[in-house]
2 protein chains.
Amino acid sequence: MIKKVEVFNENDFSEKQYKKLLVHDSPYFRVINFNFKAGQELPMHSHDFDGQLSITVLEGRGEFLGAENASIKALQGDVLISDISEPHAIRAETDMRVLVTISPPI
Amino acid sequence: MIKKVEVFNENDFSEKQYKKLLVHDSPYFRVINFNFKAGQELPMHSHDFDGQLSITVLEGRGEFLGAENASIKALQGDVLISDISEPHAIRAETDMRVLVTISPPI
């Protein structure tokens with residue numbers, strides 16, 4: 001199995017809220033692309049499961065947000081790794097494309 | 001556990017061969033950044049294990065190569081998904097940064 005997803009072509013932006021594209025889902029991992037207009041955010045959330053996720057900034061910049069008001073600058077090429085059980089959120093400062101990989105795919 | 005890796009700052013390029021940065025390794029997945037100068041490549045390989053990998057182009061362009069001379073254009077934002085057991089390779093046309101995620105981390 002080999003497949004290619006052109007994230008920059010297959011997902012766009014919306015003034016209403018972030019746009020989500022399911023890139024891949026398998027027993028090994030789930031890969032999701034989120035596109036944010038400047039100012040939009042993925043609200044804080046966490047799941048009580050073992051596992052980890054990565055968030056990679058493909059374009060633009062913003063912040064990764066964590067528990068207790070933690071804020072981590074997020075620029076193109078930055079990769080955040082977090083336990084799934086850890087509260088996490090994303091806020092876009094400019095238009096921003098990120099890729100999230102979740103394993104296992106809870 | 002939350003950590004950030006600034007892939008664009010923490011890895012560079014070499015005229016000799018591609019440069020590799022281990023971004024993360026856990027029981028869930030391994031994340032590796034490869035930087036290629038134009039013309040460099042990751043040779044064809046595969047492993048006889050269950051599991052999948054993703055290859056995401058962070059910057060630049062090139063080709064994903066597969067069995068039987070398959071060649072798939074790879075631009076910024078493109079994500080290739082492959083079984084670990086499937087032969088795969090990467091060739092850079094321009095200087096190129098990619099992020100590879102392998103699950104499970106064989």
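The coordinates are above.
Anyway, here's the lowdown on the structure attached to this text. (Residues numbered from 1 in each chain as written. Chains lettered and ligands numbered in written order. Predicted model: local features only at pLDDT ≥ 70, side-chain atom pairs only at ≥ 80, totals over all residues.)

## Section: the overall build of chain A
Consideration 1: On a plain count of helices and strands, chain A comes out with one helix and 10 strands.
Consideration 2: Each principal axis of the C-alpha atoms in chain A carries an extent, and together these give about 35 × 35 × 25 Å.
Consideration 3: Taken over 106 residues, chain A has a buried fraction of 36%. (Helix = DSSP H or I, 4+ residues; strand = E, 2+ residues; numbered from the N terminus. Buried ≥ 20, exposed ≤ 12 C-beta atoms within 10 Å, placed from the backbone.)

## Digging into the nonpolar core
Consideration 1: Counting 49 residues, the largest nonpolar core has A:I55, A:V79, A:V98, A:L99, A:V100, B:V79 and B:V98 as the members making the most contacts within it.
Consideration 2: Residue contributions to this core peak at five residues, all from strand β10 (residues 96-103) of chain A.
Consideration 3: With sequence-adjacent residues up to four places away left out, A:L99 is seen in contact with A:V7, A:V31, A:N33, A:T56, A:L58, B:T56 and B:V79. (Core = buried A, V, L, I, M, F, W, Y, C linked by C-beta atoms within 7 Å. Contact = placed C-beta atoms within 7 Å.)

## Thoughts on the interface of chain B and chain A
Consideration 1: In this assembly, 35 residues from chain B lie in contact with 35 residues from chain A.
Consideration 2: A total of six residues in the side of chain B that touches chain A trace back to one element, the largest contributor, which is strand β8 (residues 78-83) of chain B.
Consideration 3: Here strand β8 (residues 78-83) of chain A runs beside strand β1 (residues 2-6) of chain B; their pairing, made up of five bridges, is antiparallel. Considered in β1(B), the bridge of A:D78 is made with B:E6. (Pairing = 2+ DSSP bridges.)

## Focus: the relation of the copies chain B and chain A
Consideration 1: In screw terms, the move from chain B to chain A is a rotation of 180° and a rise of 0.0 Å along the axis, fitting with an RMSD of 0.0 Å. Both copies are brought into coincidence by an operation consistent with a two-fold rotation axis. Measuring from the rotation axis to each C-alpha of chain B, the shortest distance belongs to B:L58, at 3.0 Å. (Least-squares fit on C-alpha atoms with pLDDT ≥ 70 in both.)

## A short note on the pairing of strand β7 (residues 71-74) of chain B
Consideration 1: In terms of strand pairing, strand β6 (residues 62-66) of chain B meets β7(B) through four bridges, oriented antiparallel. Across the sheet, the residue bridging to B:F64 is B:I72, located in β7(B).

## Focus: the sheet that holds strand β6 (residues 62-66) of chain A
Residue and element names in this part refer to chain A.
Consideration 1: The four strands are arranged β4-β9-β6-β7 in an open sheet whose pairing can be described as antiparallel. Each edge of the open sheet carries a strand with a single partner, namely β4 (41-45) and β7 (71-74). Taken pair by pair, the neighbouring strands of this sheet meet at an average axis angle of 20°, ignoring direction.
Consideration 2: Bridge count for β6 against strand β9 (residues 88-92) is five bridges, and the pairing is antiparallel. Residue G66 lies in a different strand from β9, and its bridge partner there is H88. (Axes fitted to C-alpha atoms, helices over the stretch in contact; angles between N-to-C directions.)

## Let's talk about unusual backbone geometry
Residues and elements named next belong to chain A.
Consideration 1: Here S103 and P104 are connected by a cis peptide whose omega angle stands at -5°.
Consideration 2: Located in the positive-phi region is N69, a residue other than glycine, with phi close to 60°.
Consideration 3: For N69, the location among the structural elements is in the loop between β6 and β7.

## Re the pairing of strand β2 (residues 19-25) of chain B
Consideration 1: Summarising the sheet, β2(B) and strand β3 (residues 30-36) of chain B pair through six bridges and their orientation is antiparallel. Of the residues in β3(B), the one forming a bridge with B:H24 is B:V31.

## Re the sheet that holds strand β1 (residues 2-6) of chain A
Consideration 1: Taken in spatial order, the six strands of this open sheet run β1(A)-β8(B)-β5(B)-β10(B)-β3(B)-β2(B), and their pairing is antiparallel. Bordering the open sheet on either side are β1 of chain A together with β2 of chain B, each of which pairs with just one other strand. Within this sheet the neighbouring strands show an average axis-to-axis angle of 20°, counted without direction.

## Structural notes on the environment of A:F8
All names here are of chain A.
Consideration 1: Looking at the secondary structure, you find F8 in helix α1 (residues 7-10).
Consideration 2: Overall, the presence of 17 C-beta atoms within 10 Å leaves F8 in the partly exposed class.
Consideration 3: Residues F8 and R97, 89 residues apart in the sequence, show an inter-C-alpha distance of 8.3 Å.

By themselves, these figures tell us nothing about what the structure is for.
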